[in-house]
Amino acid sequence: MTDAAPPTRPTPHDAHGGMSLVVALGGNALLKRGQAPDPRLQRANIAAAAASLAPVIERHRVVLTHGNGPQVGLLALQAMADPKRPAFPLDVLGAESEGMIGYVLEQELINRLPGRDVATLLTQVEVAADDPAFSSPEKPIGPVYPQDEARALAQEHGWTVAPDGAHWRRVVASPRPRRILALAAIRKLAQAQVTVICAGGGGIPVVLGADGQLRGIEAVIDKDAASALLAHDLQADALVMLTDVDAVMTDFGTPQQRSLKEATPSGLAKLQFAAGSMAPKIAAAVAMAKAGRRAAIGSINELEAILAGTAGTWIVPDGEPGEPGLAWW
């Protein structure tokens, strides 16, 4: 196949100029794989992310989401440090990590965008109590371990562990997001030109009981799935998922490895991706494309180039004029 033209980007139609974007920051991009959980290091990573985001926020209407996998796992470890005290459940730790990351990101953005209104919103997201994910945990959280150490920790704490690349991590239930409870508030803030940081870590998982009452549930929602739902409900022009890799790779880890430039849902259906961090991003991007919108995946350091079509991978709807199905850089 010959190289395709640069991906067709969303047509600006925001009343204030520019595009309407949901930009999702990966948890591994904020605390990179193998890095020590040092607060100063995480702040430095968030500051670098804010530097990439600031010029885009100046030109477009942006709603930000972020991952929390490394952070919520570390909070869970800290919560178990004192065996005499009951550990906080994952929904509470998710709220804690959402506030922690949101605070630092909000501050770094305000420092780079004086006069810009930025707000962090703790976001409850409804899931189904009978979601099959509760019987099949697969969402990685926390630090990476060698296989022997991971299995020892699983035995000690009653965890489920699974491979994550060359290492192993704790995995927990990741139910499908059904409804973002703060959607109306997010929409009003965005329309008022507030840069909103929300749905951190996929949002705080809650279920609606038969009595009509909400309660938290032990889980971590996939951030990319929640971001796709948010982008769809906000009718955003595009969902942009930023991570610690430059693009979606085919034949990853082999001599045939290549970076995808553009793909459609039907083209991606021919490929397989690891169940760890990339498969959920592909699923979120495909959901956007099937809804007639676009999504991109790429490096947190190349946001402007991704929007310009000169970096990353764009996933576009099937059937667009000239769409190639699959095209590589």
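What counts as what
- Residues numbered from 1 in each chain as written.
- Predicted model: local features only at pLDDT ≥ 70, side-chain atom pairs only at ≥ 80, totals over all residues.
- Heavy atoms only, no water.
- Buried < 20%, exposed > 50% of the residue type's maximum accessible area, 1.4 Å probe, protein only.
- Helix = DSSP H or I, 4+ residues; strand = E, 2+ residues; numbered from the N terminus.
- pLDDT = per-residue confidence, 0-100.
- Contact = heavy atoms within 4.5 Å.
- Salt bridge = Lys/Arg side-chain N within 4 Å of Asp/Glu carboxyl O.
- Core = buried A, V, L, I, M, F, W, Y, C linked by side-chain atoms within 4.5 Å.
- Pairing = 2+ DSSP bridges.

## Some remarks on helix 7 (residues 223-233)
Counting buried positions over the eleven residues of helix 7 gives eight, a clear majority of the element. Taken together, the buried positions of helix 7 are occupied by Lys-223, Asp-224, Ala-226, Ser-227, Ala-228, Leu-229, Leu-230 and Ala-231.

## Brief notes about the confidence of the model for the protein chain
In the predicted model, the protein chain carries a mean pLDDT of 88, and the fraction of residues at 70 or more is 90%. Low pLDDT (under 50) marks residues 1-16, which in the prediction has 39 contacts with non-local residues, meaning those over four places away or in another chain.

## As for the pattern of salt bridges
What the rule picks out here adds up to eight salt bridges. Here Arg-59 makes a salt bridge to Glu-304, at a shortest N to O gap of 3.0 Å. A residue pair is termed long-range when its members are at least 10 positions apart, and Arg-59 in helix 2 (residues 39-59) and Glu-304 in helix 10 (residues 303-308) qualify at 245 residues. With a closest N to O distance of 3.2 Å, Asp-222 and Lys-139 form a salt bridge. Taken as a pair, Asp-222 in the loop between strand 11 (214-216) and helix 7 and Lys-139 in strand 5 (residues 139-145) lie far apart in primary sequence, 83 residues in all. What makes Asp-222 buried here is its relative accessible area of 10%.

## So, the nonpolar core
Judged by nonpolar contacts, the single largest core of 41 residues is most densely connected at Val-63, Ile-186, Leu-230 and Leu-239. For this core, the element with the most residues is helix 9 (residues 278-290), which contributes seven residues. In contact with Leu-239, not counting residues within four places along its chain, are Val-22, Ala-24, Ser-227, Ala-228, Ala-231, Ala-284, Met-288, Arg-294, Ala-295 and Ala-296.

## Here we look at the sheet that holds strand 11
The four strands are arranged 8-4-10-11 in an open sheet whose pairing can be described as mixed. Strands at the two margins of the open sheet, each flanked by one partner only, are strand 8 (179-180) and strand 11. Here three bridges tie strand 10 (residues 204-208) to strand 11, and the two strands are oriented antiparallel to one another. Looking at strand 11, one finds that Leu-208 is bridged to Leu-214.

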